[in-house]
Amino acid sequence: PIYLDYAATTPVSPEVLEAMIPYFSQHFGNSGSNQHLFGWEASDAVDQARKTISSYFSVNPSSILFTSGATESNNLALLGLLEEQTPGHIISSPLEHKAVLEPLAYLAHKGWEITYLEPNSAGEICLEQIKTAKKSDTRLVSLMWVNNEIGVINDISSIAQWCNQEGIYCHTDATQALGKLDLSQAFLPDLLSFSGHKIFGPKGIGALYVKSGIPLKARQWGGAQERGLRAGTLPIPLIVGLAKAVERIPHLLTFLPQIQVKKQDLENSLKESLGDSLIVNSISENQIPHILNFSIQGVDWEKLFRCMPLLAFSNGSACNSKSTFPSHVLKALGRDNDTALASIRISLAQPYLNEDHDWVKDYLVKSLEKLIS
Ligand code: PMP
């Protein structure tokens, strides 16, 4: 099948793979071994990677912590900052990834009060809503920079600036923003999470940016790695790969206009041929060009997913062994269960530009026409 699921994950780019290979078996040292050359080589590679990543964001190298990915970064940010404080108030949104919603649910269990701002039908949240929701004991605002299902962008720089003025901590899950928006000049919040595998880097590596002075506490204890904030031997090949992927972000950003054209073309063709059966869910003016999310009304979701075996896309349902749930994001936008279940997320990226776009469009449109007829 043709891959249309780049928001789920991306392949490791050849440049990233090439940078990683020597660190698997040639330079295999432990960066914590400070007695010999093997260790020094490894720790030099980590230092260099930290510099590359921090210089992309124009921040201090010491403010970048390596983690296993955005899930861990989000957990460390939220629990490492708040779990040991007396409970107060947090502002977030129902559109967040589970890797934010679940740690927040844990904090709620520990006595924290959480306000989930209500997005409009395009998934947008504005600063005014945050101002209104603010309470005297609001300690943190946590909002994603870009939503992974519908691609809507939050104005995190403005939100972070306001939080800064108000003395409220600000965290963002930037997993879907990195490589799709230029964050290099942006005003950053106090804490920012991301993963390598969404930007053509390896899986199992990510980072948390922690602004200096933020009183983060460890949530995993052991060795003194990562300033004592994240114990465990560092995965040098993955770290080198993450840095190479970050270094190549300016290159990724050059493809945005072409990706926008392809996505818009798919969307227009679907609108023309499916009429009222089509509900586009990714409708904000303010969204990344990579994601097209739509529902087909009145069709059985299982039939919908089976009707296009030659395309690999994602759907708006979450399954476990017992049942299938509609996407919590589409539900929060006001979609009913059936519409939320019968949804498809197509997410594009630069390698798609080498695919036969007209064939994909034709196959997509014809398969769906057949389904609704
Ligand atoms: N946050 C967002 C917005 C995501 O899209 C993802 C990946 N689907 C994650 C967090 C989790 O990333 P990882 O699985 O790499 O920890």
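Residues numbered from 1 in each chain as written. Predicted model: local features only at pLDDT ≥ 70, side-chain atom pairs only at ≥ 80, totals over all residues.

Peer 1: Any chance you could break down the confidence of the model for the protein for me, citing the residues and the numbers?
Peer 2: For the protein, the mean per-residue pLDDT works out to 96, and 98% of the residues sit at or above 70. Scored as a complex, the prediction yields pTM 0.97 and ipTM 0.99. (pLDDT = per-residue confidence, 0-100.)

Peer 1: Give a description of the nonpolar core that names residues and reports values.
Peer 2: Judged by nonpolar contacts, the single largest core of 97 residues is most densely connected at Val 141, Ala 207, Ile 239, Val 240 and Leu 242. Top element by residues in this core is helix α8 (residues 236-247). It accounts for 8 residues. Each of two domains, domain 1 (14-248) and domain 2 (255-372), supplies a minimum of three residues to this core. Apart from the residues lying within four places of it in its own chain, the contact partners of Ala 207 are Ile 53, Ile 64, Leu 65, Phe 66, Thr 67, Ser 73, Phe 194 and Leu 242. (Core = buried A, V, L, I, M, F, W, Y, C linked by C-beta atoms within 7 Å. Buried ≥ 20, exposed ≤ 12 C-beta atoms within 10 Å, placed from the backbone. Helix = DSSP H or I, 4+ residues; strand = E, 2+ residues; numbered from the N terminus. Domains from an automatic or database assignment. Contact = placed C-beta atoms within 7 Å.)

Peer 1: I'd like to hear about helix α14 (residues 357-372), residue by residue, with values.
Peer 2: Over its 16 residues, α14 extends 23 Å from the first C-alpha to the last, a length consistent with the 22 Å expected when each residue adds 1.5 Å. When α14 is considered as a whole, its buried residues turn out to be Val 360, Leu 364 and Leu 368. One side of α14 holds all its buried residues, which, seen down the axis, span an arc of 45°. Residues of α14 that are exposed and point over 90 degrees away from its buried face: Asp 358, Trp 359, Asp 362 and Lys 370. As for α14, its buried residues are in contact with β1 (2-3), α10 (256-274), β10 (291-296) and β11 (311-312). (Expected span 1.5 Å × (residues − 1). Arc of directions from axis to C-beta.)

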